[in-house]
Amino acid sequence: MAAYRYCEAVTALQARNFSYGIRLLPEPKRLAMSALYALARRVDDIGDGELSPERKAEQLGATRALLDEIRDGSVTEEDTDPIKVALADAARRFPIPLDAFDELIDGVEMDLRGAEYRTFDDLKVYCRCVAGSIGRLSLGVYGCEDPKRGAEYADTLGLALQLTNILRDLREDAVNGRTYLPAEDLARFGCEQGFALSTPPAGADFTGLVAFQAQRAQGYFEEGLRLLPMLDRRSRACTAAMAGIYHRLLGRIAADPESVLRGRVSLPGWEKAYVALSGLAGGRS
């Protein structure tokens, strides 16, 4: 179906870490995951784009209306929006919890309001919206032998991935006027000045801050990866590959904290491929 091919192209172009994982899935699940990603990417792009706040709110509202059309079963193959068509088909084939997309939109709206996170509990609410939601959507495609516990582990793994993202994008977010790390942690390590420069704030224990957050993320990785035995082999390999890539990123950041202030930390393509193959072989990478 042309709609799915469009979603696959979006995924391959804009989500290289994600695409390494979903390549391991059988075609029906891989296509459904591409549709999930394509709509999630649209929501993120609305939030990060150059439109006025009013236009962003309007487009997010239109996305909620799109989800209502899918829930109502009123989307046809003649619709001109390929993402809507693909996701509607995926939702007919798999028990995808579409309400999780509404949570993702809630998270983007938190960004638009300039939400600040005083405590880690505050930040966890945001992470559940923007990352845990993707885990729960994915479980709808994968299937899980214990859906309730699986959703809890997916949330926890999403928290680990999002904390890694926050560390990786520390400088970029600061330049764009955003700070996601909790204010209580910034104060504890003397980093209230922020991260708009390529060097740590004067007098701050930046290394201590990153080590603290990396240790926190590591704990969530260990807990969230308990999801793996609940999945079938290919879905387990996909999840292990995506988590493995981010876990390696976390390790690089922990080994060289100031790297996140100098540029975007990433893995070379060969290493991502190795992690994906390791996941297929049954390892946690």
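Thresholds, definitions, all that
- Starting from 1, residues in each chain are numbered consecutively following that chain's sequence as written.
- Residue-level local features of this predicted model are given only where pLDDT is at least 70; pairs of side-chain atoms are given and counted only at 80 or more, and the full residue set underlies all totals for whole chains, interfaces and linings.
- Only hydrogens and water are removed before side-chain values are computed, so all heavy atoms of the structure are retained for them.
- In this text, helices come from DSSP runs of H or I with a minimum length of four residues, and strands from runs of E with a minimum of two, each type numbered from the N-terminal end.
- Throughout, the radius of gyration refers to the C-alpha atoms, and the reference size of a globule is 2.2 Å times the residue count to the power 0.38.
- Note on contacts: a residue pair is in contact if any heavy atoms of the two residues lie within 4.5 Å.
- Computed by Shrake-Rupley with a 1.4 Å probe, the accessible areas treat only the displayed protein chains as cover when residues are assessed.
- Residues scored as positive are Lys and Arg, those scored as negative are Asp and Glu, and His as well as the terminal groups of each chain are ignored.
- Just so you know, the charge point we use is NZ for Lys, CZ for Arg, CG for Asp and CD for Glu.
- Interaxial angles span 0 to 180 degrees and are taken between N-to-C directions of axes, which are lines fitted to C-alpha atoms, for helices over the stretch in contact.
- For classification purposes, an angle smaller than 35 degrees is called roughly parallel, one larger than 145 roughly antiparallel, one from 65 to 115 roughly perpendicular, and anything else oblique.
- Crossing handedness follows the turn of the near helix against the far one: under a right angle anticlockwise gives a left-handed crossing, and clockwise gives a right-handed one.
- Residues are grouped as follows: nonpolar covers Ala, Val, Leu, Ile, Met, Phe, Trp, Tyr, Cys and Pro; charged covers Asp, Glu, Lys and Arg; every other residue, Gly included, is treated as polar.
- For Phe, Tyr and Trp, where Trp contributes only its six-membered ring, two rings pair if their centres lie within 6.5 Å, and the inter-plane angle classes them as stacked under 30 degrees, edge-to-face over 60, or tilted in between.
- A positively charged side chain is recorded as over a ring if its NZ (Lys) or CZ (Arg) lies within 6 Å of the ring centre. The angle to the ring normal must also be within 35 degrees.
- In protein, a polar contact requires one atom able to donate a hydrogen and another able to accept it; more generally it is a pair of N or O atoms within 3.5 Å, and residues adjacent in sequence count only if both atoms are side-chain atoms.
- Only protein chains enter the accessibility calculation, which uses a 1.4 Å probe. A residue is then buried if its area is under 20% of the maximum for its type, exposed if over 50%, and partly exposed in between.
- Grouping buried Ala, Val, Leu, Ile, Met, Phe, Trp, Tyr and Cys residues that are joined through side-chain atoms within 4.5 Å yields what is termed a nonpolar core.
- Salt bridge, as used here: a side-chain nitrogen of Lys or Arg that lies within 4 Å of a carboxyl oxygen of Asp or Glu.

### What to know about the overall build of the protein
(1) Moving on: The secondary structure content of the protein amounts to 14 helices and zero strands.
(2) Moving on: Each helix (α) and strand (β) of the protein, taken in turn from the N terminus, gives the series α-α-α-α-α-α-α-α-α-α-α-α-α-α.
(3) Moving on: By the compact-globule yardstick of 19 Å for 285 residues, the protein fits well, its C-alpha radius of gyration being 19 Å.
(4) Moving on: In terms of its C-alpha atoms, the protein occupies a principal-axis envelope of roughly 60 × 50 × 35 Å.
(5) Moving on: Expressed as a percentage of contacts within the protein between residues at least 6 apart in sequence, the contacts between residues at least 24 apart total 70%.
(6) Moving on: As displayed, the protein has an accessible area near 13,100 Å², and 50% of this comes from carbon and sulfur atoms.
(7) Moving on: Here the protein holds 36 positive side-chain charges and 42 negative ones, and the gap between their average locations is 6 Å.

### Notes on the packing of helix α4 (residues 53–72) against helix α5 (residues 82–93)
(1) Moving on: Their axes nearest at 9 Å, the elements α4 and α5 cross at an angle of 40 degrees. Compared by their axis directions, α4 and α5 come out oblique. Like other packed secondary-structure pairs, α4 and α5 cross with a definite hand, here right-handed. The residues of α5 that touch α4, namely those facing L66, L67, E69 and I70, are K84, L87, A88 and A91.
(2) Moving on: Of the residues in the contact of α4 with α5, the class split is six nonpolar, no polar and two charged.

### Concerning the packing of aromatic side chains
Aromatic ring pairs are described here by two measures, namely the spacing of the ring centres and the angle between the planes.
(1) Moving on: One pass over the full model with this rule turns up six aromatic pairs.
(2) Moving on: By way of ring pairs, the aromatic residues Y117, Y126 and Y180 are connected into one cluster.
(3) Moving on: Of note, R188 hangs over the ring of F212, and the distance from its end group to the ring centre comes to 4.5 Å.

### What about the side chain of D169?
(1) Moving on: Inspection of the secondary structure puts D169 in the loop between α8 (147–168) and α9 (170–175).
(2) Moving on: Among the polar contacts made by the side chain of D169, one reaches the side chain of R168 at a distance of 3.0 Å.

### Quick look at the packing of α4 against helix α6 (residues 99–112)
The description of two packed helices rests on the angle between their axes and on the distance between the axes.
(1) Moving on: For the pair α4 and α6, interaxial distance at closest approach is 10 Å and the crossing angle is 175 degrees. Judged on the interaxial angle alone, α6 and α4 are roughly antiparallel. Taking contact as the criterion, the partners of K56, L60, T63, R64, L67 and R71 in α4 are, on α6, D99, F101, D102, I105, D106, V108, E109 and L112.

### Focus: the environment of E152
(1) Moving on: Among the structural elements, E152 can be located in helix α8.
(2) Moving on: Residue classification places E152 among the partly exposed residues on the basis of a relative accessible area of 42%.
(3) Moving on: Separated by 16 residues in sequence, E152 and R136 have C-alpha atoms that sit 8.7 Å apart.

### Regarding the nonpolar core
Across soluble globular proteins, nonpolar side chains have a tendency to be buried as a group.
(1) Moving on: L87, F101, L123 and F195 are the most contacted members of the largest nonpolar core, which totals 91 residues.
(2) Moving on: Counting residues per element, this core draws most heavily on helix α3 (residues 27–48), at 11 residues.
(3) Moving on: Among residues more than four places away in sequence, those in contact with F195 are L170, R171, A174, L186, P201, F206, L209 and L261.

### Brief notes about the pattern of salt bridges
(1) Moving on: Across all of its chains, the model carries 33 salt bridges by this definition.
(2) Moving on: Linking R30 and E27 is a salt bridge whose minimum nitrogen-to-oxygen distance equals 3.8 Å. With R30 and E27 both in helix α3 and three residues apart, this pair spans about one turn of that helix.
(3) Moving on: With relative accessibility at 40%, the residue E27 sits in the partly exposed group.
(4) Moving on: Measuring nitrogen to oxygen at the nearest pair gives 2.2 Å for the salt bridge that ties R136 to D155. Here R136 is found in helix α7 (residues 120–142), whereas its partner D155 is found in helix α8, with 19 residues between them in sequence. The pair formed by R136 and D155 is uniform in burial state, with each residue classed as buried.

The values are spatial; any link to function lies outside them.
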